[in-house]
Amino acid sequence: MSETLVHGKRGTEHQENIDRRVVDPSFSCFLESTALQVAPFGQKFNDYRPSSDYSRFLMPPRAFKRRPAMALCTRFWHGCQFKNPDKSIEKRGTIQSLTCTPSGLYFITGLGNGRLVLWSSTTGKYEWVGQKHGSPQEPNSNVLSQRWFRSKHILLSGDDKGSISMHHATLETFWTNKNYLRSYSGMVSDFAVPPGDDRFVSICDRQLVLWTYNRGDFMPEVIGSNGFSANSCDWHGSLSLLASACDDGNVSLWDTRTPALLRSFSAHPRYISRVRFHPTDDKRLITSCQDYSMKLWDVRNLKTCVKTYQHKQGVTTFGIHPHARNVMVSGDQEGSLYWWSLDDDTKPMAYLPYVHNAKVTDIAFHPSGCIVGTGSTDRKLRLWTRNRCGDPQNVHVPPRLRHKGYNFTNHR
């Protein structure tokens, strides 16, 4: 992309063209790279990798749903860091949560000072900042969680003081739980939203709280006993089934109509950082833990896990590709990223070591799937995209998808 700058000196002006790196997700063809992969039964797809001349043949990731290696975003594109006007490092805040707008125009970061910051997904520049939690005089609220409703019109955000806010797509706040802060004043670590968008579940002070819409307001109801504690939760895509993860490594399944505990099983020996249902295949349940592993479960049979994915450090978060549903990316405490294939092998397809100086707190995908953002406690947001044609990329191709007569080496 070319941009014109006008410089004036002593009444004279001259123009200068500069090049700026941008990514346009709305375009049907991207100036990005793809990784070579061979289809099952020996059918070879077109190879877009050898040179940059093949860029005009590239298509969006949704065109490669059956080829997971085509959806890997392993090329560093842009780094973002919000700088406070008073130049105080303590008030800048670390990135605690991250999400992307449904339109794909902006990434939204929740900072440790109670602010929500918008970053352009096209240029990677800062666009807007707003104090949505706490106050400018006392910016001590950490925005720990963000979650969009299923209709993508309302954004939920929660902090470590127990405050929950609802925002429109323009980030205009229209509801808060200030009337219930005395009863639920602990940190809000996660949200779960059902398909109907008529209620939601929040984790307030390690308790599952069901908020039901009634007469213009949301009324809270505690799920579980007094001794129950949770740190992550997710709602089933089509059933009244809620999954919650505990500090002791147990995962509980709840019937939200009663609400009653259906089953609890031991998934990990240590603290579970996140639990999520698969977006399209609701029979799958994914958990991440501090014991250096992630596990894939089948809800119909919870006695043994289907697969285990090993890391070098404790897993803090993960995300699933919006179009290639068998592609997953995870982050750990040392700031590394792992790309996995859920259907084939337990070996990572791609590994990016030490992309952050601290632990990865959250991962968010662009709706088109061509950009992924990672946030960390090092106060930096990093945006990743697919490699350009001709760039080398070390990708592990699962054995089931390999062809005996083809050499899977990098090409220039």
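Residues numbered from 1 in each chain as written. Predicted model: local features only at pLDDT ≥ 70, side-chain atom pairs only at ≥ 80, totals over all residues. Heavy atoms only, no water.

Asker: Break down the sheet that holds strand E29 (residues 371–376) for me, citing the residues and quoting the values.
Answerer: Across the sheet, four strands lie side by side as E3-E30-E29-E28; this open sheet has antiparallel pairing. Only two strands of the sheet have a single partner each, and these edge strands are strand E3 (75–80) and strand E28 (360–365). Pairwise comparison of adjacent strand axes, ignoring direction, gives a mean angle of 20 degrees for this sheet. Alignment of E29 against strand E30 (residues 381–385), held across five bridges, turns out to be antiparallel. The residue bridging Val 372 from the neighbouring strand is Trp 384, located in E30. (Pairing = 2+ DSSP bridges. Helix = DSSP H or I, 4+ residues; strand = E, 2+ residues; numbered from the N terminus. Axes fitted to C-alpha atoms, helices over the stretch in contact; angles between N-to-C directions.)

Asker: Which residues make up the pairing of strand E24 (residues 315–320), and what values go with them?
Answerer: With six of six residues buried, E24 lies mostly within the body of the structure. As paired strands, E24 and strand E25 (residues 327–332) are joined by five bridges and run antiparallel to one another. When the sheet's bridge partners are listed, Ile 320 is paired in E25 with Met 328. Here E24 folds back onto E25 in antiparallel fashion, the turn holding six residues. (Buried < 20%, exposed > 50% of the residue type's maximum accessible area, 1.4 Å probe, protein only.)

Asker: Break down the confidence of the model for the protein chain for me, with residues and values.
Answerer: The predicted model of the protein chain has a mean per-residue pLDDT of 79, with 75% of residues at 70 or higher. When mean pLDDT is compared element by element in the protein chain, E28 scores highest at 96, while strand E1 (residues 2–9) scores lowest at 40. Counting interchain partners and residues more than four positions distant, the pLDDT-below-50 stretch residues 26–49 has 81 contacts. Per-residue pLDDT stays below 50 along residues 400–412; that stretch engages in 30 contacts with residues further than four places along the chain or on separate chains. (pLDDT = per-residue confidence, 0-100. Contact = heavy atoms within 4.5 Å.)

Asker: Outline the state of the cysteines, supporting the account with residue identities and numerical values.
Answerer: Tallying each qualifying case throughout the model produces zero disulfides. You can see Cys 233 has no disulfide; the closest cysteine sulfur is in Cys 204, sitting 9.7 Å from it. Relative accessible area serves as the criterion here: at 0%, Cys 233 is assigned to the buried category. (Disulfide = S-S within 2.5 Å.)

Asker: Please provide a residue-by-residue account of the nonpolar core, values included.
Answerer: Ranked by size, the top nonpolar core spans 18 residues in total, and within it Leu 72, Leu 337, Trp 339, Leu 352, Ile 363, Val 372 and Trp 384 carry the most contacts. Only E25, strand E26 (337–341), strand E27 (350–352) and E28 provide two or more residues apiece to this core. By residue number, the principal contributor to this core is E28, which donates three residues. Ignoring any residue separated from it by four or fewer positions in sequence, one finds Leu 337 in contact with Ser 330, Gly 331, Ala 350, Tyr 351, Leu 352, Val 355, Val 360, Ile 363, Thr 374 and Trp 384. (Core = buried A, V, L, I, M, F, W, Y, C linked by side-chain atoms within 4.5 Å.)

Asker: Can you explain the sheet that holds strand E19 (residues 260–266)? Please cite residues and give values.
Answerer: Spatially, the four strands line up as an open sheet ordered E16-E17-E18-E19, and their pairing is antiparallel. The open sheet is flanked by strand E16 (232–235) and E19, the only strands paired with a single partner. Between one strand axis and the next, the sheet turns through 20 degrees on average, direction left out of account. As paired strands, strand E17 (residues 241–245) and strand E18 (residues 250–255) are joined by five bridges and run antiparallel to one another. Paired with Ala 245 across the bridge in E18 is Val 251.

Asker: Outline the pattern of salt bridges, listing residues and values.
Answerer: All told, the structure shown has nine salt bridges when counted by the stated rule. A salt bridge links Arg 257 to Asp 255, with the nearest nitrogen and oxygen atoms 3.2 Å apart. With a relative accessible area of 65%, Arg 257 lands in the exposed category. Classification of Asp 255 by relative accessible area gives buried; the value is 11%. In this structure, Asp 281 and Lys 283 form a salt bridge, with 3.1 Å as the shortest nitrogen-oxygen distance. What emerges from the salt-bridge pattern is a single network uniting Asp 281, Lys 283, Arg 284 and Asp 343. (Salt bridge = Lys/Arg side-chain N within 4 Å of Asp/Glu carboxyl O.)

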